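# Results of the structural survey
The primary structure of each chain is shown beneath.
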Amino acid sequence: MKNVTVIQIDPYDVTLYFITSRKAYAKTRAKFLKGKINLKDCVGMSSHFNNGNVQLVGVFDGKPCTLAHEVAHMCFKVLEACGIPTDHLTSEAFCYLMSSVVSKCWRIMSKEL
């Protein structure tokens, strides 16, 4: 599907759907959760399914700050699903995960701008 890129997030066994349009986000989300979602005023959104093993990150305004914000939500959920608390003692795990995902998503997003 256009505007949807599937990325494997290793070593966490997570499948990330990175999505850059509201319509594609709603369609992808509907595969996991019944019901419609109104994304009209959203610049981004993140959702998780299957105990955190499936993550959706949507960035609809093309801004790096929105990408970082939504990826941060995803990182908290991934680490929580793995039993890793997010605090000053585990900040490296959070930061490495976040920088890796932001880098991958930014490359995709930059091609679409």
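So, here's what we can say about the structure.

### Regarding the packing of aromatic side chains
- According to the stated counting rule, one finds four aromatic pairs in the structure shown.
- Geometrically, the ring pair formed by Tyr17 and Phe32 is edge-to-face, given 5.8 Å between the ring centres and 65° between the ring planes. Residue Tyr17 is located in strand β2 (residues 14-19), and its partner Phe32 is located in the loop between α1 (22-30) and β3 (44-49); the two are separated by 15 residues in the primary sequence.
- Each member of the aromatic cluster is reached from another via a ring pair, and the members are Tyr17, Phe32 and Phe49.

### Focus on the pattern of salt bridges
- If you walk through the whole model with that rule in mind, you get one salt bridge.
- A salt bridge links Lys77 to Glu80; its shortest N-O distance comes to 2.6 Å. Of this pair, Lys77 and Glu80 both sit in helix α2 (residues 64-81), separated by three residues, roughly a single helical turn.

### A closer look at the pairing of β2
- Taken across its six residues, β2 has five buried, putting it largely inside the fold.
- Inspection of the sheet shows strand β1 (residues 4-9) paired to β2 by six bridges, in the antiparallel sense. Residue pairing across strands places Val4 opposite Ile19, the latter belonging to β2.
- Taking the residues between adjacent antiparallel strands as the criterion, β1 and β2 are bridged by four residues, where Asp13 takes a positive phi near 55°.
- With five bridges connecting them, β2 and strand β4 (residues 54-59) associate as parallel partners. Directly across from Phe18, in β4, lies its bridge partner Val57.

### Examining the side chain of Ser47
- Counting through the fold element by element, Ser47 comes out in strand β3.
- Assessed through its relative accessible area of 12%, Ser47 is described here as buried.
- Looking at Ser47, its side chain comes within polar contact range of the side chain of Tyr25, at 2.7 Å.
- Setting aside chain neighbours within four positions, we find Ser47 in contact with Tyr25, Arg29, Val54, Gln55 and Leu56.

### What to know about the packing of α2 against helix α3 (residues 91-112)
- Relative orientation of the contacting elements α2 and α3 amounts to 135°, with a least axis distance of 9 Å. When the axes of α2 and α3 are compared, the pair comes out oblique. The way α2 lies across α3 gives a crossing that is right-handed. Between α2, through Pro64, Leu67, Ala68, Val71, Ala72, Met74, Cys75, Phe76, Val78 and Leu79, and α3, the contact on the second element is made entirely by Ala93, Phe94, Leu97, Met98, Val101, Val102, Cys105, Trp106 and Met109.

Analysis parameters
- Residues numbered from 1 in each chain as written.
- Predicted model: local features only at pLDDT ≥ 70, side-chain atom pairs only at ≥ 80, totals over all residues.
- Heavy atoms only, no water.
- Phe/Tyr/Trp six-rings, centres within 6.5 Å; stacked < 30°, edge-to-face > 60°.
- Helix = DSSP H or I, 4+ residues; strand = E, 2+ residues; numbered from the N terminus.
- Salt bridge = Lys/Arg side-chain N within 4 Å of Asp/Glu carboxyl O.
- Buried < 20%, exposed > 50% of the residue type's maximum accessible area, 1.4 Å probe, protein only.
- Pairing = 2+ DSSP bridges.
- Polar contact = N/O pair within 3.5 Å; in protein donor to acceptor, adjacent residues only side chain to side chain.
- Contact = heavy atoms within 4.5 Å.
- Axes fitted to C-alpha atoms, helices over the stretch in contact; angles between N-to-C directions.
- Parallel < 35°, antiparallel > 145°, perpendicular 65-115°, else oblique.
- Left-handed = near helix turned anticlockwise from the far one by under 90°.

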